[in-house]
Every structure is written in C-alpha cells, then in structure tokens.
Amino acid sequence: MIGYVPGSTVAHRLDPRAKIAVQVAFAAAAFAYTTPRGLAVLSVLALAVARLASLSLAGVVRSFRVILPFLVAAPLVATIELSPPAIDPGAAVYPALSSYRVLLVVVVSAAYVRTTTVRESRAAIQRTVPGRPGVFLGVGVSLVFRFLPVLRREITAVREASAARLGTERPLVDRIERVAVAGATRTLGRADRLSTALSARCFAWNPTLPRLTLTRIDAPALALAGALLAAALFRAV
C-alpha cells in the first residue's frame, strides 16, 4: 500500500495545502474534461506529478490492484445489450474514458500520500477549515491514514491463514464469507484497542501541530491549481 516515504523531492517540500489544492483542482478538471484530448493533457500532468514525487506507477498499480478489475469491467459490461442481445463496441468508449480518469486521479492522490505525513495533512485541514468541523475532519483523516494499512495487514493475514489451511479448495462464496467475517471481527477488535489507546494517551483535540508556511516553491503549485479550477469552471459554463 502507498504510504509516506521520507524524501527531499520537490513534492516533499511543498506545503500540504498547496498539494491538496492541486489534488482538488486536478479531480475537478478530470471530471470536466472527459474527451481523449483533455485526458491526454491530464495524463501528462499526472506523469509530471508522479515524477516530482518519485512515485513508481508500477507501485501504484500494485497498491490499487483491487479496484482495477472494476475499472476494466465497466467498459466491457457497457458493450452488452440485453434487448435485443448484441455487442456494441461504441458503448464502451465513455466508460473506458471514465475509468481512465479515475486512474489519473488515483496517481495524483498517491503522490500526495507518498510525500505528506499524517500530521501535515491534519494540520493543513485544521488550518483550512475553521472551528470544530476542521478539527473533526483533521482527526478523521489522520485516523484513516493510520488505520487503513493496519486493516489491510489484518485482511492479508486472514487470507494467508485460510490458504495455509487449504481454504483455497473451498467454494468461492464460503471463502468470501470466512474472510469477511474474520476480517470484520479483527477490525472491530482493532477499533476497540484504538479507542482504549486514545483514552490511555489522553487524546487531545488540539495537539501541537507542525507549522505550515507557504513559500515561493508553492507558487507554481497554487498557480497550477488555479488554472485547473478555472479550466473546469469554464468547461462547466
């Protein structure tokens, strides 16, 4: 799974608020420009972002391989017409472009995760969204970033244990049920232990977060975010 990796790349040195702005603007542009030409331009931007973050595209594919079958299946299912039964290859064009733009957004998001610590993400959210809502969102984001890798390891452990006990020879529905039940049980147990740990450590809603300062290096990122948002709004109008 993609996680934070310390480094000195350009993306690492950017303020997290600038990186969040680029993410939001990129996603808006990806959903506004659904033509092959528009997605080609966004592809170049996504590759540039990945390069600035020293992000491996192969690593992104491995980390998000769970969603790939759904992205591939959507265009295939769209070609099938039930009444009358027929195959329409032209119907796969729009779903294929939609699946591709999701991949582009995933690449940009993975670059953010790889170059931004959890504390920086929380600080960026809390200082962007004022008041208690910002604090709540910051806590939620920090817990999700820390909890998801743990849950993934738990599910992987359940699958490996099932396979070691010849679980692969069981019917598919039975395997899914066993992994889902065991995974849910472990997840709830982890959640209880997390709640206890937070209480034991006197969890605070207002911890000392890292200072964030926009510098000259953030100017190109903010300009890119502004240009993408303007392009998306222009397309919508």
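Residues numbered from 1 in each chain as written. Predicted model: local features only at pLDDT ≥ 70, side-chain atom pairs only at ≥ 80, totals over all residues. Heavy atoms only, no water.

Novice: How should the pattern of salt bridges be read in this particular structure?
Specialist: Enumeration according to the criterion identifies one salt bridge in this entry. With its nearest N and O atoms 3.0 Å apart, the salt bridge here joins Asp15 to Arg17. (Salt bridge = Lys/Arg side-chain N within 4 Å of Asp/Glu carboxyl O.)

Novice: Is there a simple way to explain the UniProt feature "transmembrane region" (unreviewed entry) in the protein chain in this structure?
Specialist: Mapped onto the present numbering, the UniProt feature "transmembrane region" (unreviewed entry) falls at residues 39-60, 67-87, 93-113 and 134-151. Taken end to end, residues 39-60 is 82% helix and 0% strand, and its first and last C-alpha atoms sit 19 Å apart. Along residues 93-113 one finds 100% helix and 0% strand; the C-alpha atoms at either end are 31 Å apart. (UniProt positions renumbered as here; feature names shortened; annotations may be inferred. Helix = DSSP H or I, 4+ residues; strand = E, 2+ residues; numbered from the N terminus.)

Novice: Explanation requested: the domain arrangement of the protein chain in the structure shown.
Specialist: Interface extent is often summarised as the accessible area lost during association of the parts. According to the domain assignment, the protein chain contains domain 1 (10-116 + 212-236) and domain 2 (124-200). Counting from both sides, the interface comprises seven residues of domain 1 and, opposite them, five residues of domain 2. Summing both partners gives a buried area of about 470 Å² for domain 1 against domain 2, and 65% of it is carried by carbon and sulfur. Our count for the domain 1 to domain 2 interface comes out at zero salt bridges. (Domains from an automatic or database assignment. Contact = heavy atoms within 4.5 Å. Buried area = accessible area lost by both parts, 1.4 Å probe.)

Novice: Would you take a moment to explain the environment of Thr208 for this structure?
Specialist: With respect to the secondary-structure elements, Thr208 resides in the loop between helix 9 (172-200) and helix 10 (219-236). Distance from Thr208 to Asp88, taken between C-alpha atoms, is 58 Å for residues 120 residues apart in sequence.

Novice: So what exactly am I meant to see when it comes to the packing of helix 2 (residues 16-32) against helix 3 (residues 36-52) here?
Specialist: Two quantities define a packed helix pair, namely the angle between the helix axes and the distance between the axes. Across the interface, helix 2 lies against helix 3 with an axial gap of 10 Å and an inter-helix angle of 155 degrees. For the element pair helix 2 / helix 3, the angle class is roughly antiparallel. Here helix 2 runs over helix 3; the crossing is left-handed. Packed against helix 2, whose contacting residues are Phe26, Ala29 and Ala30, the element helix 3 presents Leu39, Leu42, Leu45 and Ala46 at the interface. Looking at the contact of helix 2 with helix 3, its residues break down into seven nonpolar, no polar and no charged. (Axes fitted to C-alpha atoms, helices over the stretch in contact; angles between N-to-C directions. Parallel < 35°, antiparallel > 145°, perpendicular 65-115°, else oblique. Left-handed = near helix turned anticlockwise from the far one by under 90°. Nonpolar A, V, L, I, M, F, W, Y, C, P; charged D, E, K, R; others polar.)

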